[in-house]
Amino acid sequence: TAPTDGSDTLGFYDYVFDGWFDEDNNPIPTDDNGVAQVLIVEDRTFTAKFRYEDTTDPEPVALLDIINKEGFEGYTVPDSVSFDSIGIYFNHPAASEDDFDYDDIHYFIIDRFYYDYIEGSQVQENEITRVYITERMTGQNLHNLGLGVTYEYEYIDENLPYREYSYRIKSVDSSGRMSA
């Protein structure tokens, strides 16, 4: 469980104790609790080493909407969405409800799915694009599709043949871990 004294920082969650080392960088044997028993007859320097190991997946995107030129009642379709394209709009993941919010998102991967009626099979196209957090809109640049909702990210999937499409968007953090 997370400490309650304010020390629940990134270091508490993802740093793994690698052991004690002597002044020549040799590991010092320890028991299962990390306790070393060393005979000290003169001044010595011991170093405790830790390694960073990201084991937490990022949160999924928030407020996802996918629209085409036909639009939906109450939505305002942006001019950037043409008749042969689909607009994908979403927001940065909400803050984690876990003990610690990493907020280390690096980019988002968009996968596309559709049914190919000629081949008679479902098609999955992985990573048709990456949307980087540097493309995040703020202030007056937010995408407003109506209904009082604004979006921080936009991707327009263009030049599409007439089909039904679905999309999956995954958050990817700075360690390469992906949201579910």
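Presented here is a report on the structure given in the accompanying data block.

**Quick word on the overall build of the protein chain**
Check the secondary structure of the protein chain and you find one helix and 11 strands. For the protein chain, contacts bridging at least 24 residues in sequence account for 63% of all contacts bridging at least 6.

**A short note on the pairing of strand β11 (residues 165-173)**
When you tally the buried positions in β11, you get seven out of nine residues, the bulk of the element. Direction of pairing for strand β6 (residues 105-116) relative to β11: antiparallel, over a ladder of nine bridges. Of the residues in β11, the one forming a bridge with Tyr 107 is Val 172.

**Focus: a nonpolar patch on the surface**
Taken together, Tyr 15, Phe 17, Trp 20, Phe 50 and Tyr 52 make up a surface patch of nonpolar side chains, about 480 Å² in accessible area. Secondary-structure elements contributing two or more residues to the nonpolar patch are β1 (15-21) and β3 (47-52). Checked against the element boundaries, Phe 17 lands in strand β1.

**Things to note about the environment of Val 61**
Checked against the element boundaries, Val 61 lands in the loop between β3 and β4 (62-68). C-alpha separation for the pair Val 61 and His 92, spaced 31 residues apart in sequence, amounts to 5.5 Å. With sequence-adjacent residues up to four places away left out, Val 61 is seen in contact with Phe 90, Asn 91, Pro 93, Phe 108, Ile 169 and Ser 171.

**Describing the sheet that holds β3**
Whenever strands of a sheet pair, they do so through backbone hydrogen bonds, lying parallel or antiparallel. In spatial order, the strands read β2-β1-β3; together these three strands make up an open sheet with antiparallel pairing. Every interior strand has two partners, whereas the edge strands, β2 (27-28) and β3, have only one. Two strands pair when backbone bridges link them, and β1 and β3 are joined in this way by six bridges, in the antiparallel orientation. Each residue of the ladder has a partner; that of Phe 21, found in β3, is Thr 47.

**Concerning unusual backbone geometry**
Notably, Asn 25 is not glycine yet its phi reads approximately 70 degrees, a positive angle. As for its position among the elements, Asn 25 is in the loop between β1 and β2. Taking relative accessible area as the criterion, Asn 25 reaches 44% and is therefore assigned partly exposed. Positive phi is not limited to glycine here, since Asn 159 has a value of about 55 degrees. Within the fold, Asn 159 resides in the loop between β10 (153-157) and β11.

**A word on the sheet that holds β6**
As summarised here, the arrangement of the three strands in space is β7-β6-β11, forming an open sheet in which the pairing is antiparallel. Two strands bound the open sheet, and with one partner strand each, they are β7 (121-132) and β11. On average, each strand axis in the sheet is inclined to that of its neighbour by 20 degrees, with strand direction left out of account. With nine bridges connecting them, β6 and β7 associate as antiparallel partners. Bridge assignment links Asp 116 to a residue of β7, and that residue is Ser 121.

About the criteria used
- Residues numbered from 1 in each chain as written.
- Predicted model: local features only at pLDDT ≥ 70, side-chain atom pairs only at ≥ 80, totals over all residues.
- Heavy atoms only, no water.
- Helix = DSSP H or I, 4+ residues; strand = E, 2+ residues; numbered from the N terminus.
- Contact = heavy atoms within 4.5 Å.
- Buried < 20%, exposed > 50% of the residue type's maximum accessible area, 1.4 Å probe, protein only.
- Pairing = 2+ DSSP bridges.
- Patch = residues over 30% accessible without salt bridge, like charges linked within 9 Å, V, L, I, M, F, W, Y side chains within 5 Å.
- Areas by Shrake-Rupley, 256 points an atom, 1.4 Å probe, with all protein chains shown as cover.
- Salt bridge = Lys/Arg side-chain N within 4 Å of Asp/Glu carboxyl O.
- Axes fitted to C-alpha atoms, helices over the stretch in contact; angles between N-to-C directions.

Read these as layout, nothing more, since geometry by itself doesn't imply function.
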